[in-house]
Amino acid sequence: MTLAGSLLSACGGDGGTPTLNWYVNPDGVDTFRTYAEKCSTGDYDIAVQQLPSSATDQRTQLARRLAAEDSSTDLMNLDPVFVAEFANAGWLEKVPDDLASKITDGGDYLEGAADTVTWDDGVYAVPLWANTQVLWYRKSLAEAAGLDMSKPVTWDQVIDAADQEGGTVGVQANKYEAYVVWINALMQGAGGDIVSDTEAGREAKVDLDSDAGRDAAAVIKKLADSAARQPDLTVSNEGTSLGQMFPDEGPGEFMVNWTFVYANYKGLVGKPGGPADEQELEDLGWARYPQTVEGEESKPPIGGIDIGVGAYSEHPDWAMEAAQCITSTEAQVDLAVNDGLMPSTSSAYEKVAATGDFPEDLLDLYRTSVDEGGPRPKSPFYSQISAAVQAVWHSPTSVDPDSTPQRSADYLADVLAGKRLL
């Protein structure tokens, strides 16, 4: 890929008002454009540059620019797992101490969101939205299966219930980042981690070959072998299983997915892919992410978007000022209401609740899931960790609790040690 940095000048071509380039993911792009205009000032304009939809592709494009010390990369939307890598590489401006303290010590930012922007001894980005996954389901399906959704449920129970009633279970199992999100959540729900001691870099401890790794593999194998598996399991993503919740025929599904789901279905009432009417929308239920091991609290995935300022920006002070504007309470509320992307602060959550656009118990579930959930490994080598896990654990139909954890542990250890290439 040839860098186009020279085409995106950080300064006005005629010596006029400088332009700050803001690289954004497609989710919420219309709201981003609104705030690019709102947060532009007499000192600078903000221009939105759209990144690819895949988190992996987003990282690749940004990393290539920053590795080339591109001065036109002023602001960027970062998946939380890339903050540590970019900070460790010296690609991000450190957040000033006064703002950093508000994020980590002020009490307004959700604990899970604040944790995503820290690395080593500092804060390197500003949380915008804090994402998490919950278990979405048809109430009628769960009731028919005799599953009490007021209590914690396990993956085994969910798969068995869907199988029993002719329903399905929706997950993200394509060979991409979201599959690692699932594997990581399964392992953490069993008391383990993919890797630990991540600040040791390449010397991090690989924990895949463990009871937690085998428990995670057992869940994946059970679904892959079950009649409840969806036909596109091996290429499934966040969008593919949405249409299985309200099918023309059949009882629907259980599905783990992000916070955008409720707003998505609410906007599709009476339309293809959505509930037939408001009554059918009322049949949509939600619960905490399933337990990997019965009796052990689940660890819902933590995602979202953090705003970073490029270390080579020609206007880092203005870019940091802009970052605060585009992560304001007002912006967080608009992203929630317009796009179903939930806030990173308690104050914004209170304003979202006041709109009446979301059920209060659903908002409470989101906040709890973020604060009690589990992040993916925070490592400067996360991209290698993720790719190595995908290489062995995909396809989900080939996962075997007796062999996959050990093979993946050996492979990842060799990759980190530089003994094998991805």
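On a predicted model such as this, the values are computed, not experimentally measured, just so you know.

Parameters and conventions
Residues numbered from 1 in each chain as written. Predicted model: local features only at pLDDT ≥ 70, side-chain atom pairs only at ≥ 80, totals over all residues. Heavy atoms only, no water. Helix = DSSP H or I, 4+ residues; strand = E, 2+ residues; numbered from the N terminus. Rg over C-alpha atoms; globule rule 2.2 N^0.38 Å. Buried < 20%, exposed > 50% of the residue type's maximum accessible area, 1.4 Å probe, protein only. Lys, Arg positive; Asp, Glu negative; His and termini not counted. Charge placed at Lys NZ, Arg CZ, Asp CG, Glu CD. Phe/Tyr/Trp six-rings, centres within 6.5 Å; stacked < 30°, edge-to-face > 60°. Expected span 1.5 Å × (residues − 1). Pairing = 2+ DSSP bridges. Axes fitted to C-alpha atoms, helices over the stretch in contact; angles between N-to-C directions. Parallel < 35°, antiparallel > 145°, perpendicular 65-115°, else oblique. Contact = heavy atoms within 4.5 Å. Nonpolar A, V, L, I, M, F, W, Y, C, P; charged D, E, K, R; others polar. Right-handed = clockwise from strand over helix to strand, strands pointing away. Salt bridge = Lys/Arg side-chain N within 4 Å of Asp/Glu carboxyl O. Left-handed = near helix turned anticlockwise from the far one by under 90°. pLDDT = per-residue confidence, 0-100. Arc of directions from axis to C-beta.

A.B. asks: Tell me what's going on with the overall build of the chain, and back it up with residues and numbers.
C.D. replies: Within the chain one finds 17 helices and 12 strands. A globule of 422 residues ought to have a C-alpha radius of gyration of about 22 Å, and the chain, at 21 Å, matches this closely. For the chain, the C-alpha atoms occupy an extent of roughly 70 × 55 × 40 Å along the three principal directions. Residues classed as buried in the chain amount to 55% of the 422 residues present. If the 28 positive side-chain charges of the chain are averaged to one point and the 68 negative ones to another, these points end up 5 Å apart.

A.B. asks: Any details on unusual backbone geometry? Residues and values, ideally.
C.D. replies: Cis geometry is found at the peptide bond from His-394 to Ser-395, where omega equals 10°. Of note, the phi angle at Glu-69 is positive, near 55°, even though the residue is not glycine. Within the fold, Glu-69 resides in the loop between α2 (55-67) and β3 (75-78). In this structure Glu-69 comes out as exposed when scored by relative accessible area, which is 51%. Positive phi, close to 50°, is recorded for Asp-197, a residue that is not glycine. Given the relative accessible area of 55%, Asp-197 is considered exposed.

A.B. asks: Would you mind going over the packing of aromatic side chains in detail, with residue names and values included?
C.D. replies: In the structure shown here, the tally under the stated rule is 13 aromatic pairs. Between Trp-136 and Trp-286, the ring centres sit 6.2 Å apart and the planes meet at 70°, which makes this aromatic pair edge-to-face. Separated by 150 residues along the polypeptide, Trp-136 in strand β6 (residues 126-138) and Trp-286 in strand β11 (residues 284-287) bring together distant segments of the chain. Like Trp-286, Trp-136 is buried. Between Trp-155 and Trp-182, the aromatic rings sit 5.7 Å apart at their centres with planes inclined by 50°, giving tilted as the arrangement.

A.B. asks: Give me the lowdown on helix α8 (residues 177-189), citing residues and values where you can.
C.D. replies: Given a rise of 1.5 Å per residue, 13 residues ought to cover 18 Å, and the 18 Å separating the end C-alpha atoms of α8 matches this to within 8%. Counting buried positions over the 13 residues of α8 gives 13, a clear majority of the element.

A.B. asks: Mind laying out the pairing of strand β10 (residues 253-258), listing which residues take part and the relevant values?
C.D. replies: Burial analysis of β10 places six of its six residues in the buried class, which makes it a mostly covered element. Alignment of β6 against β10, held across five bridges, turns out to be antiparallel. Pairing of Tyr-137 across the sheet is with Phe-254, part of β10. Sheet topology places strand β7 (residues 168-170) next to β10; three bridges connect them, and they run parallel. Paired with Val-169 across the bridge in β10 is Phe-254.

A.B. asks: Account for the packing of α8 against helix α16 (residues 382-393), with residues named and values stated.
C.D. replies: Contact pair α8 / α16: the axes reach a minimum separation of 9 Å and the direction vectors enclose 85°. Here α16 runs roughly perpendicular to α8, going by the angle between their axes. Between α8 and α16, the residues in contact are Glu-177, Tyr-179, Val-180 and Ile-183 and Tyr-382, Ser-386, Val-389, Gln-390 and Trp-393, respectively. Residue composition of the contact of α8 with α16, by class: six nonpolar, two polar and one charged.

A.B. asks: Go over the pairing of strand β2 (residues 45-50), please, and point to the residues and values.
C.D. replies: Note that strand β1 (residues 19-24) and β2 share six bridges and pair parallel. Residue pairing across strands places Tyr-23 opposite Gln-49, the latter belonging to β2. On the question of chirality, the crossover connecting β1 to the parallel β2 by way of helix α1 (residues 29-38) is right-handed.

A.B. asks: Break down the pattern of salt bridges for me, with residues and values.
C.D. replies: Under the definition given, this model contains 18 salt bridges. A salt bridge links Lys-38 to Glu-330, with the nearest nitrogen and oxygen atoms 3.0 Å apart. Placement of the pair is Lys-38 in helix α1 and Glu-330 in helix α13 (residues 329-339), with a sequence separation of 292 residues. Assessed through its relative accessible area of 46%, Lys-38 is described here as partly exposed. Residue classification places Glu-330 among the partly exposed positions, given a relative accessible area of 46%. Between Lys-221 and Asp-225 there is a salt bridge, with its nearest N and O atoms 3.0 Å apart. Taken together, the positions of Lys-221 and Asp-225, both in helix α9 (residues 211-225) and four residues apart, correspond to about one turn of that helix. The network of salt bridges with shared partners includes Asp-79, Glu-177 and Arg-376.

A.B. asks: Quick one: what's the story with the packing of helix α14 (residues 346-355) against helix α15 (residues 360-372), residue by residue and with numbers?
C.D. replies: Put simply, α14 and α15 touch, their axes get as near as 11 Å, and they point 165° apart. With respect to each other, α14 and α15 are oriented roughly antiparallel. You can see that α14 and α15 cross each other, and the crossing is right-handed. Counting all contacts with α14, which are made through Ser-346, Tyr-349, Val-352 and Ala-353, the residues of α15 involved are Leu-363, Tyr-366 and Arg-367. Of the residues belonging to the contact of α14 with α15, the class tally is five nonpolar, one polar and one charged.

A.B. asks: Go over the confidence of the model for the chain, please, and point to the residues and values.
C.D. replies: The predicted model of the chain averages 95 in pLDDT, with 96% of residues at 70 or higher. Every residue in residues 1-13 scores below 50 in pLDDT, and together they form 30 contacts with partners more than four places removed in sequence or on other chains.

A.B. asks: Describe α14, and please don't skip the residues or the numbers.
C.D. replies: Those residues of α14 lying buried are Ser-346, Ala-348, Tyr-349 and Val-352. All buried residues of α14 fall inside an arc of 155° around its axis, so they share one side. In α14, the exposed positions that point more than 90 degrees away from the buried face belong to Glu-350, Lys-351 and Ala-354. Looking at the buried residues of α14, the elements they touch are α13 and α15. Phi turns positive one or two residues past the end of α14, at Gly-356, with a value near 75°.

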